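Analysis of the macromolecular model
As a plain string of letters, each chain reads:
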Amino acid sequence: MAAETSARPMADTTESAPALTYAPLPPLYKAMIWTSFLINAVLIVVVGVLVGILLLNRNQVAGLSELGPTFAANNVAELQDVVVKLQDSTIIYTVPLDTSLPVELDVPINRDTIMTPRNVVQLTEPVPLQAPAQITFPGGGGNLNATVNIELPVGLELPVDLNMDVKLITAIPIQLDVPVNIPLAETELGPQFLRLGNIVDRLVTPIAPLLPMPATPPDSSQPNP
């Protein structure tokens, strides 16, 4: 008997590889990528322009590089000189004073007032006086209480002995120019100027040997010759 052979299709053992897929980038990441690209492009252009300018003006740049140490040395020397002069400076000024000085005090008076050689004062106008009086009649006539009116005449001389305190309240006008000469080292600014000088010295001392320091510090307040 002939063997029956059934034709069975062979199984395909080779599986097809899955296709690669990419997740879409969020809009924020895309914006950051494009921004970074634009910034780099701008920087490349700026660097190219600066290099071109330096090449076109290389003679001027070389001159500036030679003058740089001298320029720095002059400014450093002047800065040190300014700090030293600030520490030794004084405030010289004239203050005009125009004011009134109030005066309030008690003046004690305890002595005889010598108005005339006999230590008396003389009335220049009549002085009326009214005083109670008790009148006793002679012979047992009784007593009478009355009021006596008298008048001290002009020219009457009276002895005077003063013993009192006189209150004096007034204002004295003052008009004068007050000169002022105050060393800054003796003010509250003195310690701060000292600190400033120490800071400048600490900054300048390490670089001073590398700079052509001038023998005389320049003075920017003076006009250029």
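Structure shown above.
In short, a report on the structure. This structure is a prediction, so every number in the text was calculated from the model and none was measured. In every chain, residue numbers begin from 1 and rise along the written sequence. Local features are withheld for residues below a pLDDT of 70 in this predicted model, meaning they are given only at 70 or higher, and side-chain atom pairs are given and counted only at 80 or more; totals for whole chains, interfaces and linings count all residues. Hydrogen atoms and water are omitted, and side-chain values are computed over all heavy atoms in the structure.

**Focus: the overall build of the protein chain**
Within the protein chain, the regular secondary structure consists of three helices and six strands. Only protein chains enter the accessibility calculation, which uses a 1.4 Å probe. A residue is then buried if its area is under 20% of the maximum for its type, exposed if over 50%, and partly exposed in between. Going through the 225 residues of the protein chain one by one, you find that 8% of them count as buried. Pairs of residues are marked as contacts when any of their non-hydrogen atoms sit within 4.5 Å. Taking as baseline every contact in the protein chain between residues at least 6 positions apart, the subset at least 24 positions apart corresponds to 79%. In DSSP terms, a helix is any run of H or I states spanning at least four residues, a strand is any run of E spanning at least two, and both are numbered starting from the N terminus.

**A few points about the pattern of salt bridges**
When their charged atoms lie close together, side chains carrying opposite charge are able to pair. The rule for a salt bridge is simple: a side-chain nitrogen of Lys or Arg has to be within 4 Å of a carboxyl oxygen of Asp or Glu. Enumeration over the complete set of coordinates arrives at three salt bridges. Notably, a salt bridge pairs Lys85 with Asp81, separated by 3.2 Å at the nearest N-O pair. Residue Lys85 and its partner Asp81 are both found in helix H2 (residues 58-87); the two are separated by four residues, about one turn of the helix. We classify Asp81 as partly exposed; its relative accessible area is 22%. Note that Glu104 and Lys167 form a salt bridge whose closest N and O atoms lie 3.6 Å from each other. One end of the pair, Glu104, is in strand S1 (residues 90-112); the other, Lys167, is in strand S6 (residues 161-183), and 63 residues separate them in sequence. The exposure classification of Glu104 matches that of Lys167, with both residues exposed.

**Let's talk about a nonpolar patch on the surface**
Patch definition: residues above 30% relative accessible area lacking any salt bridge, with like charges linked at up to 9 Å and the nonpolar side chains Val, Leu, Ile, Met, Phe, Trp and Tyr linked at up to 5 Å. Surface exposure here means Shrake-Rupley accessible area, sampled with a 1.4 Å probe, where a residue is shielded only by the protein chains that are shown. The grouping of Ile91, Tyr93, Val95, Leu97, Leu176, Val178 and Ile182 at the surface amounts to a nonpolar patch, some 550 Å² of accessible area in total. Every element with two or more residues in the nonpolar patch is listed here: S1 and S6. Ranked by residues supplied to the nonpolar patch, first place goes to S1 with four residues. Inspection of the secondary structure puts Val95 in strand S1. Classification of Val95 by relative accessible area gives partly exposed; the value is 34%.

**Remarks on the side chain of Glu78**
Position of Glu78 relative to the elements: it lies in helix H2. When charges are counted, neither His nor the chain ends are considered; positive counts come from Lys and Arg and negative counts from Asp and Glu. Lys85 provides the closest opposite charge to the buried, unpaired Glu78, separated from it by 8.5 Å.

**Topic: helix H3 (residues 189-204)**
In this model H3 runs 22 Å from its N-terminal to its C-terminal C-alpha over 16 residues, within 8% of the 22 Å that 1.5 Å per residue would give. For H3, the complete set of buried residues consists of Gly190, Phe193, Gly197, Val200 and Val204. End-on view of H3: buried residues confined to an arc of 85°, all on one side of the axis. More than 90 degrees from the buried face of H3, the exposed residues found are Arg195, Arg202 and Leu203. To estimate how far a helix should extend, the number of its residues minus one is multiplied by 1.5 Å. Starting at the helix axis, one direction is taken to each C-beta atom, and the arc is that of these directions.

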